[in-house]
Amino acid sequence: MTEEFDLAASLARSLEGRRGAWSFVQGFAGHWAGALQTGDGWAEADLVAAEERLGVRLPLALREAYLLFGRRPDLTSNHDVLLGPAELYVDDAEEALVFRHENQGAASWGILLGSLHDDDPAVFIRPDLADKSAERWEGWLERLSLCFVEIVLSESLQADQVRSDFLDHDDDSIALLEENAVRLPFPAYPSCEEDPAIRWFLGQDVLLRDDGMGLLARGRTAEDLDRLRDLIPGDWLDDLR
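Just so it is clear, the structure is predicted and the values come from calculations on it, not from any experiment.

## Focus: the overall build of the chain
- When helices and strands are counted, the chain shows 8 helices and 11 strands.
- In terms of overall size, the chain behaves like a compact globule, its C-alpha atoms giving a radius of gyration of 18 Å where 241 residues would be expected to give roughly 18 Å.
- Considered along the principal axes of its C-alpha atoms, the chain spans approximately 55 × 50 × 30 Å.
- Here the chain, with 241 residues, has 49% of them falling under the buried criterion.
- Counting contacts in the chain only where the partners sit at least 6 residues apart, residues at least 24 apart contribute 53% of the total.
- Carbon together with sulfur atoms contributes 48% to the accessible area of the chain, which is approximately 11,800 Å² in total.
- Side-chain charges in the chain split into 22 positive and 49 negative, and the spacing between the mean points of these groups amounts to 5 Å.

Following this line, the structure appears as structure tokens:
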């Protein structure tokens, strides 16, 4: 890209609505992954076929995301999996339209059927539990377009081992994180939690997520990631230096 991408400012604009969310995805892809191209999205015919099979109208935000970048697994499916239009389904309890799976089947993300008429409905997550009677759709994010921003951010952390890493953090590493990186303006989530644990940070060309259990980092380059490892020393999983 010839124009510098301000990740924090663009992320803040994504909170305002769908247009800001898709602008963020385009800017992030161009600066961190590879610019969006014609053919990166599904065809309108694919979405129409899905609607006819399911007997429902897909929310506008879901259609826009699939049309823009739904066929870019490097943005959507490095770890967890965004379902293609032919894979979308209504859960067995007929409560939600499922569009994403955790990579080991531990959870699914969906849109409640009663909100499919909304342009940008809330997203819910359903853990896969041994006791099926205890499973519930629990709040994740208040807007589907914002969920796709989160998907692109989260999946970028799993892009490759050269530019991504994981640290089991402690109080010292959290203090260093807050000292050396800026908290990004992303709403607290999951929305079902009283004290949401997931926080996003931006260092010097390094994206970081503190999910309460560990710290995931992605540098624009391997050198950017090494610099972050030096600032926040610890037993980084893939640091072979």
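The rest of the description comes next.
## Re the pattern of salt bridges
- In total, this model carries 23 salt bridges according to the counting rule given.
- Notably, a salt bridge pairs Asp 80 with Arg 100, separated by 3.6 Å at the nearest N-O pair. Of this pair, Asp 80 sits in the loop between α5 (73-76) and β1 (81-82) while Arg 100 sits in strand β3 (residues 96-101), and the two are 20 residues apart along the sequence.
- The class for Asp 80 is buried, based on a relative accessible area of 10%.
- A salt bridge links Lys 132 to Glu 135; the nearest nitrogen and oxygen atoms lie 3.1 Å apart.
- For Lys 132, a relative accessible area of 47% translates into the label partly exposed.

## Topic: the pairing of strand β4 (residues 107-112)
- Extensive coverage of β4 is indicated by the burial of 5 of its 6 residues.
- The sheet contact formed by β3 and β4 spans 5 bridges and is antiparallel. If you follow His 101 over to β4, its bridge partner there is Ser 108.

## Quick word on the packing of helix α4 (residues 60-69) against helix α6 (residues 144-156)
- Two elements in contact, α4 and α6, have axes separated by 9 Å at closest approach and are oriented at 35 degrees. The handedness of the crossing between α4 and α6 is right-handed. In this structure, α4 uses Ala 61, Leu 62, Ala 65, Tyr 66 and Phe 69 to contact α6, whose residues at the interface are Leu 144, Ser 145, Phe 148 and Val 152.
- Within the contact of α4 with α6, the residues separate by chemical class into 8 nonpolar, 1 polar and no charged.

## With respect to the sheet that holds strand β7 (residues 164-167)
- With antiparallel pairing, the 5 strands of this open sheet are ordered in space as β7-β11-β10-β9-β8. Two strands in the sheet have a free side with no partner beyond their single neighbour: β7 and β8 (182-183).
- Here strand β9 (residues 199-202) pairs with strand β10 (residues 206-210) via 4 bridges, running antiparallel. Each residue of the ladder has a partner; that of Trp 200, found in β10, is Arg 209.
- With respect to the sheet, α6 is in contact with β7, β9, β10 and β11 (215-219), its orientation differing from that of β10 by roughly 105 degrees.

## Here we look at the packing of helix α1 (residues 7-14) against helix α2 (residues 18-33)
- Packing of α1 against α2 leaves a shortest axis separation of 7 Å and a crossing angle of 155 degrees. In terms of their interaxial angle, α1 and α2 are classed as roughly antiparallel. Considering how the two elements wind past one another, α1 and α2 form a crossing that is left-handed. In this structure, α1 uses Leu 7, Ser 10, Leu 11, Arg 13 and Ser 14 to contact α2, whose residues at the interface are Gly 20, Ala 21, Ser 23, Phe 24, Phe 28 and Trp 32.
- When grouped by side-chain class, the residues that make up the contact of α1 with α2 number 6 nonpolar, 4 polar and 1 charged.

Parameters at a glance
- Residues numbered from 1 in each chain as written.
- Predicted model: local features only at pLDDT ≥ 70, side-chain atom pairs only at ≥ 80, totals over all residues.
- Heavy atoms only, no water.
- Helix = DSSP H or I, 4+ residues; strand = E, 2+ residues; numbered from the N terminus.
- Rg over C-alpha atoms; globule rule 2.2 N^0.38 Å.
- Buried < 20%, exposed > 50% of the residue type's maximum accessible area, 1.4 Å probe, protein only.
- Contact = heavy atoms within 4.5 Å.
- Areas by Shrake-Rupley, 256 points an atom, 1.4 Å probe, with all protein chains shown as cover.
- Lys, Arg positive; Asp, Glu negative; His and termini not counted.
- Charge placed at Lys NZ, Arg CZ, Asp CG, Glu CD.
- Salt bridge = Lys/Arg side-chain N within 4 Å of Asp/Glu carboxyl O.
- Pairing = 2+ DSSP bridges.
- Axes fitted to C-alpha atoms, helices over the stretch in contact; angles between N-to-C directions.
- Left-handed = near helix turned anticlockwise from the far one by under 90°.
- Nonpolar A, V, L, I, M, F, W, Y, C, P; charged D, E, K, R; others polar.
- Parallel < 35°, antiparallel > 145°, perpendicular 65-115°, else oblique.

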